[in-house]
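Spelled out from the first residue to the last, the chains are:
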Amino acid sequence: MKPTRHLLPVALAALLSACATPPAKLPSPPPVTTAALPSSPPPVVTAPAPQVIAPAAAEESSANVWDKLRGSFAMSDCDADPQILMWAHRYTQDPQRFESEMRDALPQVVYVQQAAEKYDVAGEFVLLPWVESQFRPVPGHRNLPAGMWQLVQSTARVMGLHVDHVYDGRLDTSASTDVVMRMLHDYYNQLHDWRLVDYAFNHGEFGVQRLVQQHGLPPEQPAIPKLPVPHITREHLTKLLAISCVVRDPGRFHVELPVLPADQHLEAVQIHHNMPLSTAADHAGMETDTLKRLNPALQGNFLTTSTPGSLLMPHRNAEMLRSAMQMADEQDMTASTSADPPLPAMYADKTSSDTPQARTHVVKPGESLWQIAHHYSMSVSALEHLNHLNGKALKPGQVLKIDPPGKRH
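Residues numbered from 1 in each chain as written. Predicted model: local features only at pLDDT ≥ 70, side-chain atom pairs only at ≥ 80, totals over all residues. Heavy atoms only, no water.

**Q** Quick question: what am I supposed to make of the overall build of the protein chain here?
**A** Across its full length, the protein chain carries 15 helices and eight strands. Within the protein chain, the fraction of its 409 residues that count as buried is 50%. Taking the intrachain contacts of the protein chain between residues at least 6 apart in sequence as the baseline, contacts between residues at least 24 apart amount to 70%. (Helix = DSSP H or I, 4+ residues; strand = E, 2+ residues; numbered from the N terminus. Buried < 20%, exposed > 50% of the residue type's maximum accessible area, 1.4 Å probe, protein only. Contact = heavy atoms within 4.5 Å.)

**Q** Hey, could you run me through the pattern of salt bridges in this one?
**A** Any two side chains of opposite charge can pair if their charged atoms end up close together. One pass over the full model with this rule turns up eleven salt bridges. The shortest N-O distance in the salt bridge between Lys68 and Glu117 comes to 3.5 Å. Of this pair, Lys68 sits in helix α2 (residues 62-71) while Glu117 sits in helix α4 (residues 95-119); the two residues are 49 residues apart in sequence, bridging distant segments of the chain. A relative accessible area of 48% places Glu117 in the partly exposed class. Arg322 is the partner of Glu319 in a salt bridge, and the nearest nitrogen-oxygen pair spans 3.1 Å. Taken as a pair, Glu319 and Arg322 lie in helix α13 (residues 315-336) at a separation of three residues, close to a single helical turn. Given a relative accessible area of 38%, Glu319 falls into the partly exposed group. (Salt bridge = Lys/Arg side-chain N within 4 Å of Asp/Glu carboxyl O.)

**Q** Quick question: what am I supposed to make of the side chain of Glu267 here?
**A** As for its position among the elements, Glu267 is in strand β3 (residues 266-270). By relative accessible area, which is 2% here, Glu267 ends up buried. One polar contact links Glu267 to Arg322, side chain to side chain, over a distance of 2.9 Å. (Polar contact = N/O pair within 3.5 Å; in protein donor to acceptor, adjacent residues only side chain to side chain.)

**Q** Whenever I open this one, the pairing of strand β6 (residues 310-314) confuses me. Can you help?
**A** Two faces belong to every sheet, and in a regular strand the side chains alternate between them. Counted residue by residue, β6 has five buried out of five residues, so it is predominantly covered. Bridging between β3 and β6 involves five bridges; their strand directions are antiparallel. Bridge pairing in β6 links Leu266 to Pro314. (Pairing = 2+ DSSP bridges.)

**Q** I would appreciate a short explanation of the packing of helix α8 (residues 194-203) against helix α9 (residues 205-215) in the present structure.
**A** Axis separation between α8 and α9 bottoms out at 7 Å; the angle between their running directions is 135°. Taken as axis vectors, α8 and α9 run oblique relative to one another. Packed against α8, whose contacting residues are Leu196, Tyr199, Ala200 and His203, the element α9 presents Glu205, Val208 and Val212 at the interface. The class makeup of the residues in the contact of α8 with α9 is five nonpolar, one polar and one charged. (Axes fitted to C-alpha atoms, helices over the stretch in contact; angles between N-to-C directions. Parallel < 35°, antiparallel > 145°, perpendicular 65-115°, else oblique. Nonpolar A, V, L, I, M, F, W, Y, C, P; charged D, E, K, R; others polar.)

**Q** Quick question: what am I supposed to make of helix α10 (residues 231-248) here?
**A** Spanning 18 residues, α10 covers 25 Å between terminal C-alpha atoms, matching the ideal 26 Å at 1.5 Å per step. Here α10 lies mainly inside the structure; 14 of its 18 residues are buried. (Expected span 1.5 Å × (residues − 1).)

**Q** Can you walk me through the environment of Leu260 in this structure?
**A** Residue position: Leu260 is located in the loop between α10 and β3. Along the chain, Leu260 and Val110 lie 150 residues apart, while their C-alpha atoms are 8.8 Å from each other.

**Q** Please explain the state of the cysteines as it appears in this structure.
**A** Cysteine pairs can be covalently joined through their sulfur atoms, and such a bond is termed a disulfide. Scanning the model with the defined rule gives one disulfide in all. Here Cys78 is linked by a disulfide to Cys245, with a sulfur-sulfur distance of 2.1 Å. Linking Cys78 and Cys245, the disulfide has an S-S dihedral of approximately 110° and is accordingly described as right-handed. Highlighted residues: Cys78 in the loop between α2 and α3 (82-91) and Cys245 in helix α10, separated in sequence by 167 residues. By relative accessible area, which is 3% here, Cys78 ends up buried. (Disulfide = S-S within 2.5 Å.)

**Q** Please explain the packing of aromatic side chains as it appears in this structure.
**A** Each aromatic ring pair is summarised here by two numbers: the centre-to-centre distance and the angle between the ring planes. Considering all chains together, one arrives at five aromatic pairs under this definition. Residues Phe125 and Trp194 carry aromatic rings whose centres are separated by 5.6 Å and whose planes lie at 50° to one another, so their mutual orientation is tilted. Here Phe125 is found in the loop between α4 and α5 (128-133), whereas its partner Trp194 is found in helix α8, with 69 residues between them in sequence. Since its relative accessible area comes to 5%, Trp194 is described here as buried. With 4.1 Å between their ring centres and 15° between their planes, Tyr188 and Trp194 make a pair best called stacked. (Phe/Tyr/Trp six-rings, centres within 6.5 Å; stacked < 30°, edge-to-face > 60°.)

None of this, on its own, says anything about what the molecule does.
Written as structure tokens, this is what we have:
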């Protein structure tokens, strides 16, 4: 694999070093890791916004993703070391549980695979979150590591990931994957060996560079380099090769890899309006809890255009949300070019010219609660409360109250 050059400062790469402690008994989830920082870290750098990964082609299924992943593997196979096989068997000792856990992780696996391909990172590292967290958005308490990549808060901030009481970039699949993949790419440019890249991720880049200066680059064999690194670091690489081994040859371990329809592949949608999370979910045609589960970085229930600026969701829902926001933008543009623009038919009030009445609105097909509230310059929560919706979906032809009792126009 011939990587391309990138401009991520080398100083950032030095700050990420993780440690994984082996579970006492599989298949219990791997424990969280820690990231060590130097006593005087360099100034915080603002990371560029992660590039939005394009949705998969309509005909592509996750079965193709597994094939692409195998084709991008760059390290040793299952039989390179007995410990690799041992861990592969431990991961799959309960086939049904393994398949269920991999099925839950699959949307994130597919998304990370696209990021690894973009940064020309070896396919094994797509499975790195399995070793770290089994792709789970582990919350960070105090200064414990968080997210599927297991980053501590101070490291995340130096890397440019925003962390505060309303948003934790370590839990943002899109943002955290982007900075980690850039970092792994830079590690390879410096170390020229993917095994050492994993050592650097776990043990720290500077520590691995010192070992290379002292002992030279390791030979291709043995598969697990015999550098004087901590046992936990050597085992971290073994685990990564083990889960890659299972993906390489699932039949050997009596498991099947799940598939995911292309319209369920995750993609990031840029948010152009401040809105409650429930409104975004309504636009996207999905449950609020599902949207929140896919975007665990959000600590509250309100979205702003600055943080995080995007939402991760399946392709089919992303298309619905983009369409709703585009319609709202077009309506705003129409209103701004007319001194007294007529109401669109879809927002027409059912009022009498003879007797002043409170305004109402008839719901049109495809219309969302947010669009209606936005047009009448009111909040979604106020519109919901006025009409006793309590989270109920809108139906075409439904009549909504726009004004509270006693108010007339």
